Protein chains: 2
Amino acid sequence: MYRTHNCGELNLNNKDSKVTLSGWVQKVRLLGGMNFIDLRDRYGITQVTCNQDINNEIFELSKQLGREFVIQIEGIVKERSSKNNNIPTGEIEIEATHLKIINSSKTPPFTIEEKTDGGEDIRMKYRYLDLRRKPLQEKIILRSKMSAEIRSYLTNQDFLEIETPFLIKSTPEGARDFVVPSRMNENEFYALPQSPQTFKQLLMVSGYDKYFQIVRCFRDEDLRADRQPEFTQLDCEMSFVDQESILNTFEGLMKHMFQKFLNVNLNDFPRMTYEDAMAKYGSDKPDTRFNMQFVELNEQLKNKGFVVFDKAELVVGINAEGCSSYSRKQLDKLTDFVKKPQVGAQGLVYIKYNEDGTFKSSVDKFFNSEQLQEIAKLFNAKPGDLMLVLAGNKDKTRKALNELRLEMGSILNLRDPKVFSPLWVIDFPLLEHDEETDKWHAMHHPFTSPKKEDIHLLDTAPEQVKANAYDLVVNGVEIGGGSIRIHERELQQKMFSALGFTEQEAEEQFGFLLGAFEYGAPPHGGIAFGFDRWAALFSGVESIRDCIAFPKNNSGRDVMLNAPASINNEQLKELNLSLASEN
Amino acid sequence: MYRTHNCGELNLNNKDSKVTLSGWVQKVRLLGGMNFIDLRDRYGITQVTCNQDINNEIFELSKQLGREFVIQIEGIVKERSSKNNNIPTGEIEIEATHLKIINSSKTPPFTIEEKTDGGEDIRMKYRYLDLRRKPLQEKIILRSKMSAEIRSYLTNQDFLEIETPFLIKSTPEGARDFVVPSRMNENEFYALPQSPQTFKQLLMVSGYDKYFQIVRCFRDEDLRADRQPEFTQLDCEMSFVDQESILNTFEGLMKHMFQKFLNVNLNDFPRMTYEDAMAKYGSDKPDTRFNMQFVELNEQLKNKGFVVFDKAELVVGINAEGCSSYSRKQLDKLTDFVKKPQVGAQGLVYIKYNEDGTFKSSVDKFFNSEQLQEIAKLFNAKPGDLMLVLAGNKDKTRKALNELRLEMGSILNLRDPKVFSPLWVIDFPLLEHDEETDKWHAMHHPFTSPKKEDIHLLDTAPEQVKANAYDLVVNGVEIGGGSIRIHERELQQKMFSALGFTEQEAEEQFGFLLGAFEYGAPPHGGIAFGFDRWAALFSGVESIRDCIAFPKNNSGRDVMLNAPASINNEQLKELNLSLASEN
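Residues numbered from 1 in each chain as written. Chains lettered and ligands numbered in written order. Predicted model: local features only at pLDDT ≥ 70, side-chain atom pairs only at ≥ 80, totals over all residues. Heavy atoms only, no water.

1. Things to note about the packing of aromatic side chains
Heads up, the rule is: Any pair of Phe, Tyr and Trp rings, taking the six-membered ring for Trp, is counted once the centres come within 6.5 Å. Such a pair is stacked with planes under 30 degrees apart, edge-to-face with planes over 60 apart, and tilted for the rest. Here a strand is any run of E in DSSP of at least two residues, a helix any run of H or I of at least four, and the numbering for each starts at the N terminus. Only protein chains enter the accessibility calculation, which uses a 1.4 Å probe; a residue whose area is less than 20% of its type maximum is buried, one above 50% is exposed, and one in between is partly exposed.
One pass over the structure, following the stated rule, counts 55 aromatic pairs over all chains. Ring geometry for Tyr274 of chain A versus Phe428 of chain A: centroids 5.1 Å apart, planes at 45°, classification tilted. Of this pair, Tyr274 of chain A sits in helix H7 (residues 274–281) while Phe428 of chain A is found in the loop between strand S17 (422–426) and strand S18 (431–434), placing the two residues 154 residues apart along the sequence. In this pair, the class of Tyr274 of chain A matches that of Phe428 of chain A, namely buried. Between Phe159 of chain B and Phe250 of chain B the ring centres are 6.0 Å apart and the planes differ by 65°, which places this aromatic pair in the edge-to-face class. Taken as a pair, Phe159 of chain B in the loop between helix H4 (134–156) and strand S6 (160–161) and Phe250 of chain B in helix H6 (residues 243–262) lie far apart in primary sequence, 91 residues in all. The same class applies to Phe159 of chain B as to Phe250 of chain B, namely buried.

Below you can see the structure in the form of structure tokens.
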């Protein structure tokens, strides 16, 4: 037997017991005739002493130990003379009576400590060593416990976890599929699922009215920072429900998880329409930890002679409380910020509401004090505040002001990672127009149902059609999204046609689903949560990579495995494939 | 709200309540002025009455209903006059006050009943309808509950479920990988994992000492009946354990599951060495629900003048109790059975131990009564028994006799599907020799550790090296298998070299693992269970397909989706691929 206890559980209750521990050498400290070993496993650290006077052989052997050696020790639990109250095992130590080196270790390429000296690249290559570090370990364990809790919560509510296939059919719509050549079916390919969407809908047609799955999904996108080609989703679907039941069911799950893992009790989640979110925050995932809502000023600021405002589609601003004393330099920095290509504004107008009640603005030429006073009222601004105004094309200006608002929120420390502000964004548009291809795309996906009262607009004014679609946003991050689905063949066909599918294309790609709708499909809807992102939120980190045991880098590579890699010609030949560039 | 209750929960306690139900029309029976609807969902069936005298409008509408229509009814719970005690809702019926047709249904291509009139092919195509049928539904739900229970059991024992990647690196060893061309890394491919083997070992190196995962695996094999290109595994690994702890841990899980789902309390699982299993049953997965063990008879039957025995490497038989009265015809049938190419014997020798104590055999010419008496003793045969003997090459004869034994077990009804006989088969050989390539293969996989005392034989007598490998067999079906792994670089390299890898090949393919073993790898081992197979065992069916929501057929096709399928040239071009046959 390798161990009687783990390295995190012994305390004074075990005093004088004979125990066996196994683990890794975290540290060795030689103090005169005594060698102290910090022995580590995933449960904790236990101090071991090898005393020259008690057992010289063990003492000598212990001097050979290096960091990360795997050892087994037998010994007696003793009370420590100098206790460490920071760790659960800090009151005891093990006086070693046997010591065995199970496996040695080369010196690791970086230190296995809370704060390591290793850079990102080397830690990715030696991921198995990085995973030993406490900060990463805590995230992997938290993630594991989160998935266990989600499963148990949903199972207790009669949800069934049902597995859906990974080798499916490619659909050219939307993001790119990863494909898998089939050897048995020459010149044909499977695709890896971007989500189990159509399968969960078929399960609803089959009568499994409460489905969930924690499931891997795949998307062959050009990777942006913090995107992974494979990612994990909590995928859910219910039958005989309206939007209200779905929102309530998963708000319940979310509250439970916050309570369980972060000890945070959340009130009922507010709801906001997409339209409001865009108007008030310039984003469909607003960070509502702080207010600083947009104020639209067309009426007040246009046609007063300032050409920038006059020709703008939208003049809109935010009020930064207590910032009226910003210096020229600080204001220039904000102007530079909004002019960055990613933000995209042309310039920034400021209106200082000075402590003494006077105004100072970059548009003093065009607006008198009274006019500025009126504007300040619209902002609910007080003396000491700073109003920041952007103008231009509506969508672009909102987007830019969203960035500025988030920046101000950060500067003013209004985005505390320990504060959680959830929000349901509802009533998304059904379709969005792609300027490039002049085509309509489904904003959520082609299976999302339009609001009943808008269906008649599908042919005439598709941009006005609202969908039964909703996102869950927490602290400005989209954690989940879903919709009530179409469950009638006719409406689904109408939708495909609005998306530019010919009848034949629709049949070829989604014939099985259209067919299924003809045999008694129930009303249904669902939601999917980005589980990596959710785990990152609960871990208090920005990067999802820290919450994935073996992530890929920004080029989609696993640098530890060195994957992807070339395959041999025999494999290619069996698959009836050749590399185009080699022809 | 679509429903206040489901179709399986109402009973006399709800008498006179006003309820709303939604579901599928299972059946409609018109009896005079009354229309009876059987309303179905996954929870059960509830009878609904539409009474002409009470509400003629509803009565008329109900006449339009067909099978599988989706409807919503509102009504009052009434006590039935003629009760049905076979179903939980059998004492009540709902007197409809509102009826709404939510969705209609075409006539299904086969009946949605326990016993359907649909053939396999049509049911695969309309899988979403087949999944409505009770027998399939029960299996899908059982499987879901099994996975929930496994997760909760292992989580309660400090196991962590940790997700491992699906886009990994191809290794030419063993079964064929499915590969995934990478668009971002030109001319390179990912592979889909055949199992998370190396990742779970790395997790052990990382210190996550109790890991499990219910995970999809992929194998591009020529499909035999009842193999799927994608299958689900319960994958487990532990550190600081010996074989004994692993066997005990998972025997505990197994017993728990049998108790929970089948109400079967199993005794401690017997253990048998591979060598014994082969000698006594001719199989490494013996069906131990019945005894009928092999008796080897070289000493008694060889060199007595019967050339078939004399030139045989092995003469071996079984005793079929109570079968001495088998007719010529019955014996011929058994002879035909053993001569089938899949069984492969040359002929069958029988020895009848007649009720009157005399013997009658097909080898009376060569053996006298006393000799046959002596043989009967070896078989522990009694008057009335029938001994069946095969002779020839050792391995082939054992294999053939295994088939005959199973056949006799079936004929004699000794293989009751309600009886469960688990068995650990242990001490597998480390290597097996491939005649075709004249190479040694790992019997389990290249990471399995040899028994310490056999390591010295690796170079000189590899066939004699035993492994720390074990299988769990239930009723002749391999449910799981695993091993204690190698955790030292040197031994792993020795193993790769025994398997014919050059040092460079080993480094190229498994360098990350060899590297990991240099940084303090703990002793570890694990096991993996075929979850589809396990679900089939608990469902009492032979075919794993019945326990998979959306399985593929024997050509690896999903006939519902029509996948795999061709992809368009643009997709191919982006992947830098061309179809070889089209060049």
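Once you've had a look at it, read on.
2. Some thoughts on the pairing of strand S2 (residues 34–41) of chain B
Residues and elements named next belong to chain B. What counts here: For two strands to be treated as a pair, DSSP must find at least two bridges joining them.
Extensive coverage of S2 is indicated by the burial of seven of its eight residues. Inspection of the sheet shows strand S1 (residues 18–31) paired to S2 by seven bridges, in the antiparallel sense. By the bridge assignment for S2, Leu31 is matched with Met34. Where S1 folds back onto S2 in an antiparallel hairpin, the turn is made up of two residues, including Gly32, whose phi is positive at roughly 60°.

3. Structural notes on the confidence of the model for chain A
Short version of the rule: Each residue carries a pLDDT score, the predictor's confidence in it, ranging from 0 to 100.
Per-chain confidence: chain A averages 95 in pLDDT, with 99% of residues scoring 70 or above. Across the interface, the model reports ipTM at 0.95; the global pTM reads 0.96.

4. Quick notes on the side chain of Arg42 of chain A
Here is the rule: Under this definition, polar contacts are N or O atom pairs within 3.5 Å; protein pairs additionally need one hydrogen-donor-capable and one acceptor-capable atom, and for neighbouring residues in sequence, both atoms have to be side-chain atoms. The contact definition used throughout considers only heavy atoms, calling two residues in contact when any of these lie within 4.5 Å.
Within the secondary structure, Arg42 of chain A sits in the loop between strand S2 (34–41) and strand S3 (44–51). Within polar-contact distance, the side chain of Arg42 of chain A engages the backbone oxygen of Asp158 of chain B at 2.4 Å. A distance of 2.9 Å separates a polar atom in the side chain of Arg42 of chain A from a polar atom in the side chain of Asp209 of chain B. Apart from residues no more than four positions distant in its own chain, Arg42 of chain A is found in contact with Gln137 and Ile141 of chain A together with Asp158, Phe159, Leu160, Gly207, Tyr208, Asp209 and Lys210 of chain B.

5. Structural notes on the sheet that holds strand S15 (residues 359–361) of chain A
Residue and element names in this part refer to chain A. The cut-off we apply is this: Between N-to-C directions, angles cover 0 to 180 degrees, with each direction set by a line fitted to C-alpha atoms, over the stretch in contact for helices.
Here we have five strands laid out as an open sheet, ordered S12-S13-S16-S14-S15, and antiparallel in their pairing. Two strands lie at the open edges of the sheet, namely strand S12 (295–296) and S15, each paired on one side alone. Looking at chain direction, S12 and strand S13 (residues 314–320) are connected through two bridges and run antiparallel. Its bridge partner being in S13, Val295 is matched across the sheet by Gly317. Strand contacts of helix H11 (residues 369–379): S12, S13, strand S14 (349–353), S15 and strand S16 (386–392), with the helix running at about 90° to S15, the strand carrying the most contacts.

6. Some thoughts on unusual backbone geometry
All names here are of chain A. Between Ala563 and Pro564 the backbone carries a cis peptide bond, its omega angle lying at 0°. For Pro564, the position within the fold is in the loop between helix H15 (531–539) and helix H16 (569–574). Notably, Asp438 is not glycine yet its phi reads approximately 55°, a positive angle. Assignment of secondary structure puts Asp438 in the loop between S18 and strand S19 (439–442). A residue is classified by how much of its surface remains accessible, and Asp438, at 57% relative accessible area, is exposed.

7. Re the packing of helix H6 (residues 243–262) of chain A against H15 of chain A
Residue and element names in this part refer to chain A. The cut-off we apply is this: Here roughly perpendicular refers to angles of 65 to 115 degrees, roughly parallel to angles under 35, roughly antiparallel to angles over 145, and oblique to all remaining angles. The sense of a crossing depends on the near helix, which, turned anticlockwise from the far helix by less than a right angle, makes the crossing left-handed and, turned clockwise, makes it right-handed. Polar here means any residue outside two lists: the nonpolar Ala, Val, Leu, Ile, Met, Phe, Trp, Tyr, Cys and Pro, and the charged Asp, Glu, Lys and Arg; Gly therefore counts as polar.
Here H6 crosses H15 at 40°, and the two axes come no closer than 11 Å. One way to sum up the angle between H6 and H15 is to call them oblique. In this structure, H6 crosses over H15, and the sense of that crossing is right-handed. On the side of H6, the interface is formed by Leu253, Met254, Met257, Phe258, Phe261 and Leu262, while H15 contributes Trp534, Leu537 and Phe538. For the contact of H6 with H15, the residue count by class is nine nonpolar, no polar and no charged.

8. Focus: the relation of the copies chain B and chain A
Copies of the same chain, two in number, are related to each other by a rotation about an axis and a translation along it. Formally: To superpose the copies, least squares is applied to the C-alpha atoms of every residue with a pLDDT of at least 70 in both.
Aligned on chain A, chain B shows an RMSD of 0.1 Å; the corresponding rotation is 180° and the shift along the axis is 0.0 Å. Here the copies are linked by what is in effect a two-fold axis. Of the interface residues in chain B, 100% have counterparts in chain A that sit at the interface too, so the contact is made through matching surfaces.

9. Examining H15 of chain A
All names here are of chain A. The buried fraction of H15 amounts to seven of the nine residues, a majority that puts the element mostly inside the structure. Among the residues of H15, Phe531, Asp532, Trp534, Ala535, Ala536, Leu537 and Phe538 are the ones counted as buried. Looking at the buried residues of H15, the elements they touch are helix H4 (134–156), strand S10 (230–239), H6, strand S20 (469–474), strand S21 (477–484) and strand S22 (524–530). Once H15 ends, the next one or two residues include Gly540, with phi positive near 75°.

10. Side note on the domain arrangement of chain A
The cut-off we apply is this: Bear in mind that the domain bounds are from an automatic or database domain assignment.
Looking at the assigned domains, one finds that chain A contains domain 1 (12–103), domain 2 (114–265 + 522–583) and domain 3 (290–411). For domain 2 of chain A and domain 3 of chain A, the distance between their C-alpha centroids amounts to 41 Å.

11. What about the interface of chain B and chain A?
By a frequent convention, interface size equals the accessible area lost on bringing the separate parts together. Quick note on the threshold: Computed with a 1.4 Å rolling probe, the buried area is the accessible surface lost when two parts are put together, summed over both parts. Here a salt bridge means any side-chain nitrogen of Lys or Arg lying within 4 Å of a carboxyl oxygen belonging to Asp or Glu.
Listed by partner, the interface residues are 126 residues for chain B and 126 residues for chain A. On the chain B side of the interface with chain A, the three residues burying the most area are Glu163, Phe240 and Tyr519 of chain B, jointly 8% of the side's total. Counting the contacts that link chain B with chain A gives 20 salt bridges. The greatest single-element share of the side of chain B that touches chain A, amounting to nine residues, is contributed by H4 of chain B. Considering only residue class, the side of chain B that touches chain A consists of 64 nonpolar, 33 polar and 29 charged.

12. Structural notes on the state of the cysteines
Rules: The disulfide criterion used throughout: a pair of cysteine sulfur atoms within 2.5 Å.
Per the stated rule, a full pass over the model turns up zero disulfides over all chains. Looking at the unpaired Cys547 of chain B, the closest cysteine sulfur is the one in Cys217 of chain B, lying at 17 Å.

13. Topic: helix H10 (residues 328–339) of chain B
In an α-helix there are 3.6 residues to a turn, and that puts residues three or four apart on one side. All names here are of chain B. Note the following rule: To estimate the expected span of a helix, subtract one from its residue number and multiply by 1.5 Å. In this description, one arc is meant: the one made by directions from the helix axis to the C-beta atoms.
Helix length check: H10, at 12 residues, gives a terminal C-alpha distance of 16 Å against a target of 16 Å (1.5 Å per residue), a fit within 8%. Taken residue by residue, H10 has Leu331, Leu334, Phe337 and Val338 as its buried positions. Projected down its long axis, H10 shows its buried positions confined to an angular sector of 115°, all on one face. Summarising the geometry of H10, the exposed residues directed more than 90 degrees from the buried face are Arg328, Lys329, Lys333 and Asp336. Elements in contact with the buried residues of H10: strand S14 (349–353), strand S16 (386–392) and helix H12 (394–411).

14. Thoughts on the environment of Lys466 of chain B
Structurally, the position occupied by Lys466 of chain B is in the loop between strand S19 (439–442) and strand S20 (469–474). Separated by 456 residues in the primary sequence, Lys466 of chain B and Leu10 of chain B place their C-alpha atoms 60 Å from one another.

15. Here's the deal with the packing of H4 of chain A against H6 of chain A
All names here are of chain A. Axis separation between H4 and H6 bottoms out at 11 Å; the angle between their running directions is 140°. The orientation of H4 relative to H6 falls into the category oblique. Crossing handedness for the pair H4 and H6: right-handed. When H4 is examined against H6, the residues Leu142, Lys145, Met146, Glu149, Ile150, Tyr153 and Leu154 are found in contact with a partner set consisting of Thr249, Phe250, Gly252, Leu253, His256, Met257, Lys260 and Phe261. Residue composition of the contact of H4 with H6, by class: nine nonpolar, three polar and three charged.

16. Notes on the pairing of S1 of chain B
Here S1 of chain B runs beside strand S4 (residues 70–79) of chain B; their pairing, made up of seven bridges, is antiparallel. In the strand pairing of S4 of chain B, Gly23 of chain B is matched with Ile71 of chain B.

17. A few points about the pattern of salt bridges
Counted according to the given criterion, the structure contains 94 salt bridges over all chains. Here Lys494 of chain A ties to Asp459 of chain A by a salt bridge, and the two come within 3.2 Å at their closest N and O atoms. One end of the pair, Lys494 of chain A, is in helix H13 (residues 489–498); the other, Asp459 of chain A, is in the loop between S19 and S20, with 35 residues separating them in the sequence. Salt bridges linked by common partners bring Arg143, Arg216, Glu230, Asp532 and Lys552 of chain A together with Glu163 of chain B together as one network.

18. Some remarks on the sheet that holds S10 of chain A
Strand-to-strand pairing in sheets goes through backbone hydrogen bonds, with the strands running parallel or antiparallel. Residue and element names in this part refer to chain A. Ordered by their spatial adjacency, eight strands build an open sheet running S6-S9-S10-S22-S21-S20-S17-S11, and the pairing between neighbours is mixed. Sheet topology places strand S6 (160–161) and strand S11 (271–273) at the edges, where each strand pairs with a single neighbour. Looking at chain direction, S21 and S22 are connected through five bridges and run antiparallel. Note on S22: the bridge partner recorded for Gly480 is Phe529. Lying on the sheet, H4 is in contact with S6, strand S9 (210–218) and S10; it crosses S9 at an angle near 150°. Against the sheet, H7 touches S11 and S17, its axis set at about 85° to S11.

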